[in-house]
Amino acid sequence: MSPKIEDYQKNFLDLAIESDALRFGEFTLKSGRKSPYFFNLGLFNTGKLLSNLATAYALAIIQSGLKFDVIFGPAYKGIPLASIVCVKLAEIGGTKYEKIKYSFNRKEAKDHGEGGSIVGAALENQKVLIIDDVMTAGTAINEAFDIIKSNNGQVIGCIIALDRQEVVNTDATEDNRQSATQVISKKYGIPVLSIVSLSNIISYLDGKITPEEKKLIENYRSTYGC
């Protein structure tokens, strides 16, 4: 059965294709894998695209029912995401989201002025939701956990734009084939949300991409899917 897809997810995928943020072809990933599709959230780079992106993140967060105080965006890609989603939650989420704060880290701690590496809301004794674009090996998320923990905050979840649903270790046995999102979720005991997943892409774009493109994606999923 194809996963149910919400209107905001459809809109997100339509805009991802329109902006070339989601492309099809042959791409060599950082892992060395040859992927038939590539996702670059940095191409959501106009006011229209950013507003719709923020709406998609916000609706996914609202539907999850997670309760938190601060959205934390790891430098660098997470910085604009934390700020625009914080604004959008206040706009469409009702009164309980109006006081949600945002925070991000500097790559290098500031040694003058107020000092430190955190910009925006303090993390101490706060429930924190981490936001990022994608999760490949989970490295950035692990670093974010360390930063939040060192600042006495509590991570209650993560949200990303796309879950590639791709195994971290292809040598693992069938029962242990876990994606980066599953590894992070299990390691820290938290939910990892996403706007869309690879399953959403395949089901929604059926008929909108060529049969050859769909076949290549399905073959890739059969090899690397979790």
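Residues numbered from 1 in each chain as written. Predicted model: local features only at pLDDT ≥ 70, side-chain atom pairs only at ≥ 80, totals over all residues. Heavy atoms only, no water.

Identification of the chain as orotate phosphoribosyltransferase from Kazachstania africana is taken from an unreviewed UniProt entry. Its UniProt record gives the chain a comment under Subunit (unreviewed entry), which states: "Homodimer." Per UniProt, the chain has the following entry under Function (unreviewed entry): "Catalyzes the transfer of a ribosyl phosphate group from 5-phosphoribose 1-diphosphate to orotate, leading to the formation of orotidine monophosphate (OMP)." (UniProt positions renumbered as here; feature names shortened; annotations may be inferred.)

A. Molecular detail of helix 3 (residues 78–92). With 15 residues, helix 3 should reach 21 Å at 1.5 Å per residue; the first-to-last C-alpha distance of 21 Å fits that figure. Looking one or two residues beyond helix 3, the residue adopting positive phi is Gly94, at roughly 85°. (Helix = DSSP H or I, 4+ residues; strand = E, 2+ residues; numbered from the N terminus. Expected span 1.5 Å × (residues − 1).)

B. Spotlight on the nonpolar core. Phe12, Leu41, Phe44, Tyr57, Phe68, Ile71 and Ile195 are the most contacted members of the largest nonpolar core, which has 45 residues in total. Counting only elements with at least two residues in this core, the list comes to helix 1 (7–18), strand 2 (34–39), helix 2 (47–64), helix 3, strand 6 (127–131), strand 7 (154–163), strand 8 (192–197) and helix 6 (198–204). A total of seven residues in this core trace back to one element, the largest contributor, which is helix 2. Among residues more than four places away in sequence, those in contact with Phe12 are Phe39, Leu41, Phe44, Leu53, Ala56, Ala161, Ile195 and Val196. Ranked by size, the runner-up nonpolar core spans 18 residues in total, among them Phe72, Ile130, Ile141 and Ala180. (Core = buried A, V, L, I, M, F, W, Y, C linked by side-chain atoms within 4.5 Å. Buried < 20%, exposed > 50% of the residue type's maximum accessible area, 1.4 Å probe, protein only. Contact = heavy atoms within 4.5 Å.)

C. Spatial organisation of the state of the cysteines. Tallying each qualifying case throughout the model produces zero disulfides. Free of any disulfide, Cys86 has its nearest neighbouring cysteine sulfur in Cys158, separated by 17 Å. What makes Cys86 buried here is its relative accessible area of 11%. (Disulfide = S-S within 2.5 Å.)

D. Representation of the environment of Arg177. Among the secondary structure elements, Arg177 is positioned in the loop between strand 7 and helix 5 (180–188). Taking C-alpha positions, Arg177 is 8.9 Å from Tyr224, a pair spaced 47 residues apart along the chain.

E. Structural view of the side chain of Ser197. In this fold, Ser197 is placed in strand 8. The class for Ser197 is buried, based on a relative accessible area of 9%. Aside from chain neighbours lying at most four places away, what touches Ser197 is Leu162, Asp163 and Gln165.

F. Representation of unusual backbone geometry. Following Ala75, the chain continues to Tyr76 via a peptide bond in cis, the omega torsion being 5°. Located in the positive-phi region is Gln165, a residue other than glycine, with phi close to 50°. Position of Gln165 relative to the elements: it lies in the loop between strand 7 and helix 5.

G. The arrangement of the pattern of salt bridges in detail. Applying the stated criterion across every chain yields a total of 10 salt bridges. Of the charged contacts in the structure, one is a salt bridge between Asp14 and Lys208, with a shortest N-O distance of 3.8 Å. Here Asp14 is found in helix 1, whereas its partner Lys208 is found in the loop between helix 6 and helix 7 (211–224), with 194 residues between them in sequence. The exposure class of Asp14 is partly exposed, given its relative accessible area of 34%. For Lys214, the salt bridge is made with Asp206, and the minimal N-O distance between the two is 3.1 Å. On the basis of relative accessibility, which here comes to 46%, the residue Asp206 falls in the partly exposed class. Among the ionic contacts, a cluster of salt bridges with common partners joins Arg33, Arg164 and Glu166. (Salt bridge = Lys/Arg side-chain N within 4 Å of Asp/Glu carboxyl O.)

H. The packing of aromatic side chains, seen in detail. According to the stated counting rule, one finds six aromatic pairs in the structure shown. For the ring pair Tyr102 and Phe104, a centre distance of 6.3 Å and an interplane angle of 20° mean the geometry is stacked. Connected via pairs of aromatic rings, a cluster forms that spans Phe12, Phe39 and Phe44. (Phe/Tyr/Trp six-rings, centres within 6.5 Å; stacked < 30°, edge-to-face > 60°.)

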